[in-house]
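Here is what each chain is made of, one letter per residue.
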Amino acid sequence: MTNRGDNLFLLAILLFQLLFIFQGLDFVDEGMYASMYQQIFTDPESYQYMFFYWLTAVVGGLWLKLFPGLGLLGLRIAEVLVTTAYIIIIYSWLKEYVKRPNLRAGIFLALVLQGYDASWAFNYNSFSVFVWISASWLLFEGLRKDRLQLIMISGVLMGISIFIRLTNLLGLAMVLSLFYYGWLTGTLFRRQLRQALVFAGGTVMAAIMVLLAMRLMGHLSLYKGSLYQSITMSTSAEDAHNFVLIFKRMTLQVMRGMLYAGLFLISALLFTVYLQSKKLQENKNNTLTLVLFVVATLILILSFTGIFDGNQVKLFVVGILILSCISVLFNRRYSPLFRLLTFLALVLLFCFPFGSAWGFLAGGKTAIWIALPLSVEALRDFSRMNVSITTETDSSEKTSFTFHKLKLIPDLFLLVSILTGLVFAFSSPYNDKSSRLELQYPINHDYLKGIYTTEERSRAINELLCADDQFVSPGDHVLAYGAIPMYHFLSETVPYFRNPWPTLYTTGMMSNAIKTASRERDSLPVVVLQKVSTTNSDWPKNNGRSYDLLNSKNSRDRLFQEFIRNNRYETVWENNSFAIMISSFHDNIDHNND
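Basis of the calculations
Each chain has its residues counted from 1, running along the sequence as written. Since the coordinates come from a predicted model, pLDDT governs what is reported: local features require at least 70, and pairs of side-chain atoms require 80 or more to be given and counted, while whole-chain, interface and lining totals use all residues. Note that water and hydrogens are dropped before the side-chain values are worked out from all heavy atoms of the structure. Per-residue accessibility, obtained with a 1.4 Å probe over protein chains only, is compared with the maximum for each type, and a residue is labelled buried under 20%, exposed over 50%, and partly exposed between these values. Helix numbering and strand numbering both begin at the N terminus, where a helix is a DSSP run of H or I of at least 4 residues and a strand a DSSP run of E of at least 2. Whether two strands pair comes down to DSSP finding at least two bridges between them. Expected span of a helix: the number of residues minus one, times 1.5 Å. Note on contacts: a residue pair is in contact if any heavy atoms of the two residues lie within 4.5 Å. Centres within 6.5 Å are what make two rings of Phe, Tyr or Trp a pair, Trp counting through its six-membered ring; a difference in plane orientation under 30 degrees is then read as stacked, over 60 as edge-to-face, and the rest as tilted. Axis geometry follows a simple rule: fit a line to the C-alpha atoms, using only the stretch in contact for helices, then measure angles between N-to-C directions, giving values from 0 to 180 degrees. Throughout, the term roughly parallel applies to angles under 35 degrees, roughly antiparallel to angles over 145, roughly perpendicular to angles from 65 to 115, and oblique to all others. Each residue is assigned to one of three groups, with Ala, Val, Leu, Ile, Met, Phe, Trp, Tyr, Cys and Pro labelled nonpolar, Asp, Glu, Lys and Arg labelled charged, and all others, Gly among them, labelled polar.

(A) Seen up close, the pairing of strand β5 (residues 526-530). For β5, the tally of buried residues reaches five of five residues, placing the bulk of the element in the interior. Here β5 shows two buried faces, one formed by Val526, Val528 and Gln530 and the other by Val527 and Leu529. As judged from the four bridges shared by strand β3 (residues 477-481) and β5, these two strands associate in the parallel manner. Looking at β5, one finds that Leu479 is bridged to Val527. Summarising the sheet, β5 and strand β7 (residues 578-583) pair through four bridges and their orientation is antiparallel.

(B) Up close: the sheet that holds β5. In space, the five strands of this open sheet follow the order β4-β3-β5-β7-β6, with mixed pairing throughout. Of all strands in the sheet, those with a lone pairing partner are β4 (494-495) and β6 (569-574), marking the two edges. By the bridge criterion, five bridges tie β6 to β7 in an arrangement that is antiparallel. Note that in β7 the partner of Thr571 across the bridge is Met581.

(C) Quick peek at helix α7 (residues 148-161). Between its first and last C-alpha, α7 extends 20 Å over 14 residues, near the 20 Å set by a 1.5 Å rise per residue. The set of residues buried in α7 consists of Leu148, Leu150, Ile151, Ser154, Gly155, Val156, Met158, Gly159 and Ser161. Where α7 is buried, its residues meet α6 (124-145), α8 (176-185) and α9 (189-217).

(D) Just the packing of aromatic side chains, in detail. If you walk through the whole model with that rule in mind, you get 35 aromatic pairs. Judged by centre distance (5.3 Å) and plane angle (10 degrees), the rings of Phe20 and Trp120 are stacked. Of this pair, Phe20 sits in the loop between α1 (4-18) and α2 (29-39) while Trp120 sits in the loop between α5 (100-115) and α6, placing them 100 residues apart in sequence. Trp120 carries the same exposure label as Phe20, and that label is buried. For the ring pair Trp63 and Phe67, a centre distance of 4.6 Å and an interplane angle of 50 degrees mean the geometry is tilted.

(E) Layout of the packing of α2 against helix α3 (residues 54-66). One can describe the packing of α2 onto α3 by two numbers: an axis separation of 7 Å at closest approach and a directional angle of 75 degrees. Taken together, the axes of α2 and α3 are roughly perpendicular relative to one another. Judged by residue contacts, Ala34, Met36, Tyr37 and Gln38 of α2 engage Thr56, Ala57, Gly60, Gly61 and Leu64 from α3. Classifying every residue of the contact of α2 with α3 by side-chain character gives five nonpolar, four polar and no charged.

Laid out in structure tokens, this is it:
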């Protein structure tokens, strides 16, 4: 039953998210999403590279059609709505099993961590988590109520999720929860198998329906082509999305996270011993001692890693989640339903990050939504345990310690995680990590109304948008080389190489893209080239660093350089961040430059 406090909490969560959406301009990921949504119905061929996110593109495209005047801010509002929707599902679902203070603390911490170093525009990660959490909830309810219809709908949702983000295929591991719950409750294996077949049937039915919709829209062949590209990426040693590399990276991240968590837990226990031995539990100086311990813990992590940043906080939290959830799975003190919840949380936690090149540091932080409230509850339960240890000294004196004050552990976990998370979230807008006091300069474009960035970035972008009016028109094919897909969204142009972010291509994919474009396009494109690294969040302040795509030794960039040389491109405009180039074979462009 929802009470007034629940409604106020959910309203506060909504308002908290709105604090983040007006500041910071990412020219990379948000540009990729926005430009894909803009062109999905008008020139889908030019975005074939992105088709393994097909359903995300369709939903984002419909949103832009419904609210065309809101631009990028509208996509950020959509992200807030999606995030709030699955928070409501989680809250309504878990409040029967997790005490409200623990549930609220877990949800808030998850939101803080997601807000750090993440795009606030509607994207495939948040959309996937929304569908994944909905499917997990329906599967849970289907098992709790013994209703096959709910299990089938859960399978349908997971089938749909595959077309939101291809690597959601791994989410089909959710079916294992049927057998785990059956083992806990002694359900006949024949019944478990029937439930699994119903789930699989829903998944297959959904996949067929989506594929038919693709065929009706004329997108099916493009989707097949994107599947081939995704296989190439996942097996290429050049690509950061190589499946083996991701697995190795995630394994190391899990090890580091559990190490941080272990150090924290050991330190907390030792501190508890100290408090009890000195009989300081009720001492008024405990507050100061607690603060000192928090600082000491942070220094410990800093000393061990050499660097302390938001990534260490994420891995620390992941480590705590893994230890807490695994302990619940094998603890008979918890009900079968609570252990089923924990199993579903671990499926999301371990499977979802495989879709991200950076594992738990990127997609992983959107996979903690179920696990965090459950872990806070488990830590609180652990803190209420009474453990007695008796030691004997050389003089045969006995000392007893009774750990009935272990609430220090969950309190410290939440304090360290939330405070450091808030610092990083407020000081580090995604790909625009400047002081928020500096993010007060608008950009003169209708699609960026309500978005503020630094003075230097605002000036560089305004100059580019003013200059490109002489050379391109909406609907033109443009080669925006580097990592500047936002340019396509703002200029309403389409990618020449079927990819708004061509430097994601491997060398072989770039070669094929050049051949395909040369065969399909009637004329040579205008080239917009980045002169600074837009993946470094302080651009254009980093323009003094060495970054020159025209002289890069990278084999992929060399193919681009060959394309530029063979077609006699010349720079007709530039500033400190961008350059515009045209070919001497290009006859339909005014070469005058203000």
